[in-house]
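The chain contents come next:
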Amino acid sequence: MGKKIFISVGEISGDNYASELIKRLPEFEWTGITGPKMRDAGCKTVEKLENISVVGIMEALPKYFHIRKTFKRAVEELDKGVDLLVVVDFPGFNLKLLKEAKKRGIKTVYFIAPQVWAWGKGRIPKIVENTDVLISIWPFEKQAYEGYLDRFRFEYVGHPLLDIIKTETTADEFKEKLGIPSEKRIFGLLAGSRESEVKTLLPIMLQAASIILKEHNDLHFVIPATPNVETLVKQIVSRYPSIPVSVTVKGDFNNPSYETMKHSVFSVIASGTATLEAAIIGNPFLLVYKVSPITFFIGKMLVSINFLGLPNLIAGREVIKELLQEECNPGSIASYSLKYLGDKSLYSKTIKELEQVRQKLGQKGALDKAAGIIREII
């Protein structure tokens, strides 16, 4: 029996990265809190991340007891004997799990650490105390840990999305697969991978779509849906029968989101990793974000950055428009979308700026480097 690694992931984006690590390290026995791609890669499941993933403090309350139960089960797995704990982002949960691992003398790796450069540095001592190796994907992140680098190992590997993002279809193939008329232009609507996001954002996006259609009736809207929200997405879409919409899921393409981003003349995308994925693919889009007022207020108190979107943070300026909270409404989304669709100069400028963001992420090979570090540690 090979050595055993417990891996804890709480976001669909983390599932993407973790599954690639698992594929690169088949000699180990993997178990953990998993997403669909991790399960496909052969990782045994203690709990599905789809059952614990949320955005925001108020939004987390309904799942609080389930998250506590999941944490207890994860600790029980550590007690059964684990050679290494790997955690991916999801700090509210994973920082506590790291502490439990260290109590038990288990080696620990933080792959894709919390964005302490965005949310203040209060978590740094906890990360350093309970992490043997931090594997970083951001070129500027090391600065946040100055003064601590003699207490743990810090490795910068580059961003794994440069390895992961691949598309497989031409525009005609994409449309044919989804039954979209060839003369139509694609407009992407990406409302996120969590139920709370989809319930909040997708109706707003579809109401905006109805406004946009009045000026551009040659558009066809495409919504990529992760398996955990597919039914919910289709239920919401059914309330808007007058809007030409296709919902695409995993069975249609290897990665429906990437195909949608590639072939969309424009997209509206929920804040998160998807905005960085879209920046790498390179077609213009809007960022939208809306949570409970209490969650947003607390976030504003804690945050120490000027932008929410990763492409804007990397660029150091607003490359893509951010519509947050009250601004995240059908009228504003439609207005800015129409502006981009109608202004060729703005559209071209945005494409060039997104290419500059991609270049700042470094070179490919991050996942191979990360796998090599894990192999060395264990």
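Please refer to the structure placed before this passage.
Bear in mind the structure is a predicted one, so any value in this text is a computation, not a measurement. (Residues numbered from 1 in each chain as written. Predicted model: local features only at pLDDT ≥ 70, side-chain atom pairs only at ≥ 80, totals over all residues. Heavy atoms only, no water.)

For the rest of this paragraph, the subject is unusual backbone geometry. The residue Phe 90 is not glycine, and still its phi comes out positive at about 45°. Looking at the element boundaries, Phe 90 is found in the loop between strand S4 (84-88) and helix H5 (91-103). Positioned with a positive phi, Gln 325 is a non-glycine residue whose angle comes to about 55°. For Gln 325, the location among the structural elements is in the loop between strand S13 (322-324) and helix H16 (330-342). Its relative accessible area of 5% is what places Gln 325 among the buried residues. (Helix = DSSP H or I, 4+ residues; strand = E, 2+ residues; numbered from the N terminus. Buried < 20%, exposed > 50% of the residue type's maximum accessible area, 1.4 Å probe, protein only.)

With that settled, consider helix H18 (residues 366-377). With 12 residues, H18 ought to run about 16 Å at 1.5 Å a step, and its terminal C-alpha atoms sit 17 Å apart, in line with that. Listing the buried residues of H18 in full gives Ala 366, Leu 367, Ala 370, Ala 371, Ile 373, Ile 374 and Ile 377. Seen end-on, H18 carries its buried residues on one side only, within an arc spanning 160°. (Expected span 1.5 Å × (residues − 1). Arc of directions from axis to C-beta.)

We now examine the sheet that holds strand S3 (residues 44-48). Strands sit in the order S3-S2-S1-S4-S5-S6-S7 across an open sheet of 7 strands; the sheet is parallel. With one partner strand each, in any of the chains shown, S3 and strand S7 (153-156) form the two edges of the open sheet. If you compare each strand with its neighbour and ignore which way they point, the axes differ by 15° on average. Relative to S4, strand S1 (residues 4-9) is paired through 5 bridges, and the arrangement is parallel. Of the residues in S4, the one forming a bridge with Val 9 is Val 88. Docked against the sheet, H5 engages S1, strand S2 (29-34), S4 and strand S5 (107-111), running at close to 160° with respect to S5. (Pairing = 2+ DSSP bridges. Axes fitted to C-alpha atoms, helices over the stretch in contact; angles between N-to-C directions. Contact = heavy atoms within 4.5 Å.)

The subject of this paragraph is a negative patch on the surface. Taken together, the side chains of Glu 168, Asp 172, Glu 173 and Glu 176 present a region of like negative charge at the surface. Along the chain, the position of Glu 176 falls in helix H9 (residues 171-178). (Patch = residues over 30% accessible without salt bridge, like charges linked within 9 Å, V, L, I, M, F, W, Y side chains within 5 Å. Areas by Shrake-Rupley, 256 points an atom, 1.4 Å probe, with all protein chains shown as cover. Salt bridge = Lys/Arg side-chain N within 4 Å of Asp/Glu carboxyl O. Lys, Arg positive; Asp, Glu negative; His and termini not counted. Charge placed at Lys NZ, Arg CZ, Asp CG, Glu CD.)

It helps to recall that an α-helix has 3.6 residues per turn; residues three or four apart then point in one direction. For helix H12 (residues 256-263), the buried fraction is high: 6 of the 8 residues fall into the buried class. When H12 is considered as a whole, its buried residues turn out to be Pro 256, Tyr 258, Glu 259, Thr 260, Met 261 and His 263.

Turning our attention to the pairing of S2. Summarising burial for S2: 6 of the 6 residues are buried, a large majority. Looking at chain direction, S1 and S2 are connected through 5 bridges and run parallel. From the neighbouring strand, Ile 7 faces S2, where its bridge partner is Gly 32. With 4 bridges connecting them, S2 and S3 associate as parallel partners. Bridged to Thr 34 within S3 is Lys 48.

The strand order across the open sheet formed by 6 strands is S10-S9-S8-S11-S12-S13, and the pairing between neighbours is parallel. A strand with exactly one partner marks an edge of an open sheet, and here the two such strands are strand S10 (245-248) and S13. On average, each strand axis in the sheet is inclined to that of its neighbour by 20°, with strand direction left out of account. Both strand S8 (residues 185-190) and strand S11 (residues 264-270) contribute to a ladder of 5 bridges, which runs parallel. For Ile 186, the partnering residue across the bridge sits in S11 and is Ser 264. In the packing of helix H11 (residues 230-237) onto the sheet, the strands contacted are strand S9 (219-224) and S10, and the crossing angle to S10 comes to about 175°. Across the face of the sheet, H16 comes into contact with S8, S9, S11, strand S12 (285-289) and S13 while running at roughly 150° to S11.

In total, this model carries 22 salt bridges according to the counting rule given. Residue Glu 11 is joined to Arg 194 by a salt bridge in which the shortest nitrogen-to-oxygen separation is 1.9 Å. Here the residue Glu 11 occupies a position in the loop between S1 and helix H1 (12-24), and Arg 194 occupies one in the loop between S8 and helix H10 (195-213), the gap between them amounting to 183 residues. The exposure classification of Glu 11 matches that of Arg 194, with both residues buried. Where Asp 79 meets Arg 104, a salt bridge forms, and the shortest distance between an N and an O atom there is 2.5 Å. Taken as a pair, Asp 79 in helix H4 (residues 64-79) and Arg 104 in the loop between H5 and S5 lie far apart in primary sequence, 25 residues in all. The class of Asp 79 is exposed, set by a relative accessible area of 52%. According to the relative accessible area criterion, Arg 104 is partly exposed, its value standing at 31%. Residues joined by salt bridges that share partners form a network here, namely Glu 20, Lys 23, Arg 24 and Asp 368.

Moving on to the nonpolar core. In globular proteins that are soluble, nonpolar side chains generally tend to be buried together. If you look at the biggest cluster of nonpolar residues, it comprises 89 residues, and the most contacted ones within it are Phe 6, Ile 7, Leu 97, Phe 111, Ile 135, Tyr 145 and Leu 276. Per element, the largest residue contribution to this core is 7 residues, and it comes from H18. Filtering out sequence-adjacent residues up to four positions away, Phe 6 remains in contact with Thr 31, Gly 32, Ile 33, Val 46, Ala 74, Glu 77, Leu 78, Val 82, Leu 84, Leu 85, Val 86 and Leu 97. Counting 41 residues, the second largest nonpolar core, distinct from the first, contains Ala 191, Leu 219, Val 247 and Val 288. (Core = buried A, V, L, I, M, F, W, Y, C linked by side-chain atoms within 4.5 Å.)

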